Amino acid sequence: MENNLWQVSETSRSHVGALMAKGRLPRPVALFLASHGVGPDELNSFFEPSLDTLSDPFLIPGIEKASERLWKAIMSRERILIHGDYDVDGITSSVLLQLTLDANGALTDVFIPHRFDDGYGFTSSTLSKAIASTGCSLVVTVDCGISSFDAVATAREKNIDIIITDHHEPQNGQIPDAYAVVNPKIHPSLSSLHILSGAGVCFKLCQGFLQYGARRMSGGDFELFDHLDIVCLGTVADIVPLIGENRTIVKHGLDILSKQSRPGIRSLCEISGLDAYNIKSSDITFSIAPRINAAGRLGDPYIAYKLLHSNSIIEAGVHSRTLNDFNKIRQNKEDQILNEAKKLIEETVDVENCRSIVISGKEWHQGVIGIVATRLVKAYNRPVVVFSVNNGEALGSARSVPDVNLIEILSKCAHVVERYGGHPMAAGIMLKSSRLDEFSKLFRDFSTSLAHGEQKAPILKIDGEIELRELDANFFDYLSVLEPFGQGNPQPLFMFKKLKPVKLMPAAGVHSRGILKDRNGDTISFIAFNRPVSSMPISDEWDVAATPSMNSYNNNISRQIQIHDARES
């Protein structure tokens with residue numbers, strides 16, 4: 001199995017005891033909460049986050065000015081262009097803002113860039129293309145724009161006001177000279193809102209717009225909270241931390257998703273084989289989001305936009321089948337490029353002695369190189385940049401590990417790239433292919449200088465040590481209350497010591513399954529994904545790091561653990 005570092009949470013017995021007493025909680029649940037910094041007085045807000053606790057949108061600079069300008073445009077019958085992006089976060093943001101504005105009498109158009117024809121983000125080219133047929137005098141960007149200096153300058157020349165809403169990191173602290181800029185990340189004092197996705201920032205703008213209208217314009221009619229399912233999709237898909245306001249948004253958004261009131265979501269759930277009336281965050285991550293993203297990766301992003309907008313189950317069914325077909329093609333292309341990339345790394349990269357990996361392939365599909373980079377980071381545990389080279393241009397997707405900030409590295413490479421943008425853990429890059437070697441050397445050098453200490457093995461953050469007998473019905477009743485799980489709030493991961501493998505067998509060739517027994521004679525079934533039998537410990541007793549779950553098979557429900565790592569006791 002992988003050579004992981006096990007990092008067991010050092011929670012105090014008094015903290016765990018206080019949680020157990022205050023909430024009458026099972027010890028494993030208290031261990032999980034303590035390891036995530038939840039105190040006894042925060043139990044209610046964690047288990048039942050209230051929409052009443054959402055922050056005042058006007059705490060974010062730019063929202064009041066943006067709201068005033070939007071209402072002015074509505075009153076004077078100006079056309080408003082919403083400039084989105086082609087991923088789930090950008091598409092959901094576009095849909096949410098359009099629904100909010102249209103419900104209050106706005107004249108809106110939506111432009112979503114095509115990955116291959118237009119490239120990423122808000123540019124002078126996409127601005128010109130978008131306004132050619134709309135005649136708009138106001139543009140609102142969602143999930144993009146914080147690095148769009150040229151586009152904003154072009155808009156000024158055309159007497160078009162730009163409102164930027166974004167959640168990406170600014171380049172070198174510089175901000176475009178737009179009419180209004182709404183981005184919590186440019187304000188250090190708003191650190192609790194730095195976690196918002198693009199859809200989350202758009203939601204705050206919609207909140208402010210509606211409140212401004214209610215106070216000053218005798219308007220603001222729209223049940224915004226009824227559309228938290230859209231915000232939830234963008235938030236989970238963009239892999240932002242599911243804590244704070246994000247947890248509140250997603251918790252309530254999942255409830256709305258499970259009501260299946262939106263034909264597009266209902267159709268997509270059906271074609272994905274999901275329990276449509278019990279949607280979990282993992283369903284978004286592994287089933288819904290990949291299909292929505294497939295439109296922007298391989299085809300026309302407007303298909304996903306139309307799916308979310310559709311009021312007809314028949315129309316939605318057509319769009320969801322198209323997205324499902326796109327996703328199948330995406331999976332095949334992803335596997336093909338991943339295999340080529342791994343072979344290239346084996347042949348050209350000294351993995352043992354490098355702190356980052358930069359690779360490129362001729363005409364690798366631009367829509368999947370980001371996913372390939374993510375899978376390579378997981379395989380090699382170091383920052384990876386994957387480039388697709390075509391017609392003298394190299395388009396790249398970078399993914400990182402927790403201790404290496406991509407934006408910091410890319411800012412030092414800015415003189416050799418045409419454009420870049422993103423987050424510390426994920427970024428996009430464009431440069432001339434003739435400068436690829438120069439960039440690769442710079443990236444490797446800077447990633448080495450910024451990495452801390454020796455190359456570390458992947459870290460498994462474990463919530464604490466428990467025994468099998470503690471995985472009782474009471475624990476599993478609480479497990480669903482701990483959701484939504486995701487970035488910042490992962491599923492519980494516990495350490496179990498001295499378990500005997502009673503049964504061990506292969507599952508689908510590359511996985512393992514079996515039965516474990518502890519010192520008290522208690523037994524439990526296990527599954528270990530991507531862990532062949534040959535990788536399991538050969539000793540008679542194992543220590544395992546595993547996540548508990550309930551397994552449903554042939555209408556029988558039983559407890560099991562999913563093993564993330566195992567070692568000899």
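Residues numbered from 1 in each chain as written. Predicted model: local features only at pLDDT ≥ 70, side-chain atom pairs only at ≥ 80, totals over all residues. Heavy atoms only, no water.

**Observations regarding the side chain of Ser94**
Within the secondary structure, Ser94 is located in helix H5 (residues 88–102). The buried category is assigned to Ser94, whose relative accessible area is 0%. Apart from residues no more than four positions distant in its own chain, Ser94 is found in contact with Ile82, Gly84, Asp85, Val110, Ile112 and Val142. (Helix = DSSP H or I, 4+ residues; strand = E, 2+ residues; numbered from the N terminus. Buried < 20%, exposed > 50% of the residue type's maximum accessible area, 1.4 Å probe, protein only. Contact = heavy atoms within 4.5 Å.)

**As for the layout of surface pockets**
Of the voids in this model, the second largest pocket is the one considered here, and its volume is about 380 Å³. Looking at the second largest pocket, it is lined by 18 residues, and the ones nearest its centre are Ser45, Phe46, Ile243, Gly244 and Arg247. For the lining of the second largest pocket, the secondary-structure elements that each account for two or more residues are helix H3 (43–47) and helix H10 (244–257). Sorting elements by how many residues they give to the lining of the second largest pocket places H10 first, with 4 residues. Residue classes in the lining of the second largest pocket are distributed as 6 nonpolar, 9 polar and 3 charged. (1 Å grid on protein atoms, 1.4 Å probe; cavity = no way out; pocket = protein on both sides within 12 Å on 5 of 7 lines; lining within 4 Å. Points joined across faces, edges and corners; volume = space filled by probe spheres on them. Nonpolar A, V, L, I, M, F, W, Y, C, P; charged D, E, K, R; others polar.)

**Concerning the environment of Met505**
Inspection of the secondary structure puts Met505 in strand E14 (residues 494–507). The sequence separation of Met505 and Gln260 amounts to 245 residues, and the corresponding C-alpha distance is 40 Å. Beyond its immediate stretch of four places on either side in the chain, Met505 contacts His511, Ser512, Arg513 and Val533.

**Structural notes on the pattern of salt bridges**
Summed over the entire model, instances satisfying the criterion amount to 22 salt bridges. As a salt-bridge pair, Glu64 and Arg216 come within 3.0 Å of each other at their nearest N and O atoms. Of this pair, Glu64 sits in helix H4 (residues 63–75) while Arg216 is found in helix H8 (residues 198–217), placing the two residues 152 residues apart along the sequence. As a salt-bridge pair, Glu438 and Arg435 come within 3.2 Å of each other at their nearest N and O atoms. Residue classification places Glu438 among the partly exposed residues on the basis of a relative accessible area of 36%. A cluster of three or more residues bridged by salt bridges with shared partners is formed by Arg330, Glu334, Asp335 and Arg375. (Salt bridge = Lys/Arg side-chain N within 4 Å of Asp/Glu carboxyl O.)

**Points about the sheet that holds strand E5 (residues 161–165)**
Strands sit in the order E3-E2-E4-E5-E6 across an open sheet of 5 strands; the sheet is parallel. The two strands at the open ends of the sheet, each matched to only one other strand, are strand E3 (107–111) and strand E6 (180–182). Across this sheet, the average inter-strand angle for adjacent strands is 20°, counted without regard to direction. Inspection of the sheet shows strand E4 (residues 138–142) paired to E5 by 5 bridges, in the parallel sense. By the bridge assignment, Val140 is partnered in E5 with Ile163. (Pairing = 2+ DSSP bridges. Axes fitted to C-alpha atoms, helices over the stretch in contact; angles between N-to-C directions.)

**What about the sheet that holds strand E8 (residues 384–390)?**
Adjacent strands of a sheet form backbone hydrogen bonds with each other and so pair up, either parallel or antiparallel. Strand order in the open sheet formed by 5 strands is E7-E8-E9-E11-E10, with mixed pairing between adjacent strands. For this open sheet the edge positions go to strand E7 (357–362) and strand E10 (419–422), each flanked by a neighbour on one side alone. Neighbour-to-neighbour, the strand axes of the sheet open up by a mean angle of 15°, direction not taken into account. The pairing of E10 with strand E11 (residues 426–432) spans 4 bridges and is classified as antiparallel. Within the sheet, the bridge partner assigned to Tyr420 lies in E11 and is Ile429. The strands that helix H15 (residues 369–380) touches are E7, E8 and strand E9 (393–399); relative to E9, the one it contacts most, it runs at about 45°. In this fold helix H17 (residues 436–450) packs onto E7, E8, E9 and E11, with an angle of close to 175° to the strand it touches most, E8.

**Focus on unusual backbone geometry**
Residues other than glycine predominantly adopt negative phi, and peptide bonds predominantly adopt the trans conformation. In this chain, Glu483 is followed by Pro484 through a cis amide linkage whose omega measures 10°. Checked against the element boundaries, Pro484 lands in the loop between helix H18 (473–479) and E14. Notably, Asn381 is not glycine yet its phi reads approximately 55°, a positive angle. Its place among the elements puts Asn381 in the loop between H15 and E8.

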